[in-house]
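# Fold and geometry: a report
Spelled out, the chains give:
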Amino acid sequence: MTWRRAKKGIVYIGEYSYFKGVGFLIGQSNKYKLLSFYDSPDKAIESLSNDNPDFIIMEVDFLFNDGLGSIRRIRELYNCLPILVLTSNFKKEIIAEAFCLGATGFISKSGSNVTGLIHSLEKLEREGFVVSGDVARGFIELIRDSKLETTPIFNN
């Protein structure tokens, strides 16, 4: 008898038009399965205890709801549940706020990153944190733009 490891369950919160591609990618994976899709963070939060996911993939570009506020609410209810944020909005403040509220990953919705979604989930599972290059660049800019008092580490 061959032992098979169960697939990790994912709840997706976002727009249906984008979900179709993400859902297809997850469906092709032998490591992950899609448990539920919600077009509203409120509906998802109400159902998370029934879905019992291993990961949440969530868009924060909601026109109809506060995606960042939803991260806070999910984190308050499910402290250890990894939340992978998808976005096309690279405002530095949004990136920083998402991490402060409890996001554990933040990747671009651009095509190259969506095809790497499974890789991002694997990295999130393995390392507990993942960001795409676009997001990392925005975060570095935010740090550079800050008015932090610094002491030189190296004296020239």
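Just above, that's the structure.
The text that follows walks through the structure, step by step, so that each part is easy to find. It should be emphasised that the depicted structure is a prediction, and the values quoted were computed from it without experimental measurement.

### A look at the overall build of the protein chain
Within the protein chain, the secondary structure is distributed over 7 helices and 6 strands. If you list the helices and strands of the protein chain from N to C, you get β-α-β-α-β-α-β-α-β-α-α-β-α. For the protein chain, the residues scored as buried account for 46% of the 156 residues in total. In the protein chain, of all internal contacts separated by at least 6 residues, the share reaching a separation of at least 24 is 66%. Summed over all atoms, the accessible surface of the protein chain reaches about 9,400 Å², with 52% contributed by carbon and sulfur.

### A short note on the sheet that holds strand E3 (residues 55–59)
In a beta sheet, neighbouring strands pair by backbone hydrogen bonds and run either parallel or antiparallel. Here we have 6 strands laid out as an open sheet, ordered E2-E1-E3-E4-E5-E6, and parallel in their pairing. A strand with exactly one partner marks an edge of an open sheet, and here the two such strands are strand E2 (32–38) and strand E6 (130–131). As judged from the 4 bridges shared by strand E1 (residues 8–13) and E3, these two strands associate in the parallel manner. By the bridge assignment for E3, Ile-10 is matched with Phe-55. On the sheet, helix H1 (residues 16–28) packs against E1, E2, E3 and strand E4 (83–87) and is oriented at approximately 165 degrees with respect to E2.

### Thoughts on the pattern of salt bridges
Tallied over the full model, the rule gives 6 salt bridges. The salt bridge involving Arg-126 is made with Glu-127; its shortest N-O contact spans 3.8 Å. The exposure class of Arg-126 is exposed, given its relative accessible area of 55%. A relative accessible area of 48% places Glu-127 in the partly exposed class. Arg-137 is paired through a salt bridge with Asp-134; the nearest N and O atoms lie 2.8 Å apart. Of this pair, Arg-137 and Asp-134 are both found in helix H7 (residues 133–145), 3 residues apart, which corresponds to roughly one turn of the helix. For Arg-137, a relative accessible area of 47% translates into the label partly exposed.

### A short note on the nonpolar core
Residues Ile-56, Ile-71, Ile-74 and Phe-106 are the most contacted members of the largest nonpolar core, which totals 23 residues. Secondary structure elements with two or more residues in this core: E1, helix H2 (41–51), E3, helix H3 (67–77), E4 and helix H4 (92–101). Not counting chain neighbours up to four residues away, the residues in contact with Ile-71 comprise Met-58, Val-60, Ile-83, Val-85, Ala-98, Leu-101, Gly-102 and Ala-103. Ile-10, Tyr-32, Leu-84 and Leu-124 belong to the second-largest nonpolar core, a separate cluster that totals 17 residues.

### Here's the deal with unusual backbone geometry
With the exception of glycine, the majority of residues adopt a negative phi angle, and the majority of peptide bonds are in the trans configuration. The phi dihedral of Asn-52 falls on the positive side, at around 50 degrees, and the residue is not glycine. Here Asn-52 lies in the loop between H2 and E3. Given the relative accessible area of 60%, Asn-52 is considered exposed.

### Points about the packing of aromatic side chains
In this structure the tally under the stated criterion is 4 aromatic pairs. Where Phe-99 meets Phe-106, the ring centres are 5.9 Å apart and the plane angle is 45 degrees; that geometry is what we call tilted. Here Phe-99 matches Phe-106 in class, with each residue buried. Ring geometry for Phe-99 against Phe-129: centres 5.3 Å apart, planes inclined by 35 degrees, an arrangement best described as tilted. Of this pair, Phe-99 sits in helix H4 while Phe-129 sits in the loop between helix H6 (117–127) and E6, placing them 30 residues apart in sequence. By relative accessible area, Phe-99 is classed as buried at 18%. Aromatic rings pair up to connect Phe-99, Phe-106 and Phe-129 into one cluster.

Criteria and thresholds
- Residues numbered from 1 in each chain as written.
- Predicted model: local features only at pLDDT ≥ 70, side-chain atom pairs only at ≥ 80, totals over all residues.
- Heavy atoms only, no water.
- Helix = DSSP H or I, 4+ residues; strand = E, 2+ residues; numbered from the N terminus.
- Buried < 20%, exposed > 50% of the residue type's maximum accessible area, 1.4 Å probe, protein only.
- Contact = heavy atoms within 4.5 Å.
- Areas by Shrake-Rupley, 256 points an atom, 1.4 Å probe, with all protein chains shown as cover.
- Pairing = 2+ DSSP bridges.
- Axes fitted to C-alpha atoms, helices over the stretch in contact; angles between N-to-C directions.
- Salt bridge = Lys/Arg side-chain N within 4 Å of Asp/Glu carboxyl O.
- Core = buried A, V, L, I, M, F, W, Y, C linked by side-chain atoms within 4.5 Å.
- Phe/Tyr/Trp six-rings, centres within 6.5 Å; stacked < 30°, edge-to-face > 60°.

Everything listed is a geometric property; what it means functionally is a separate question.
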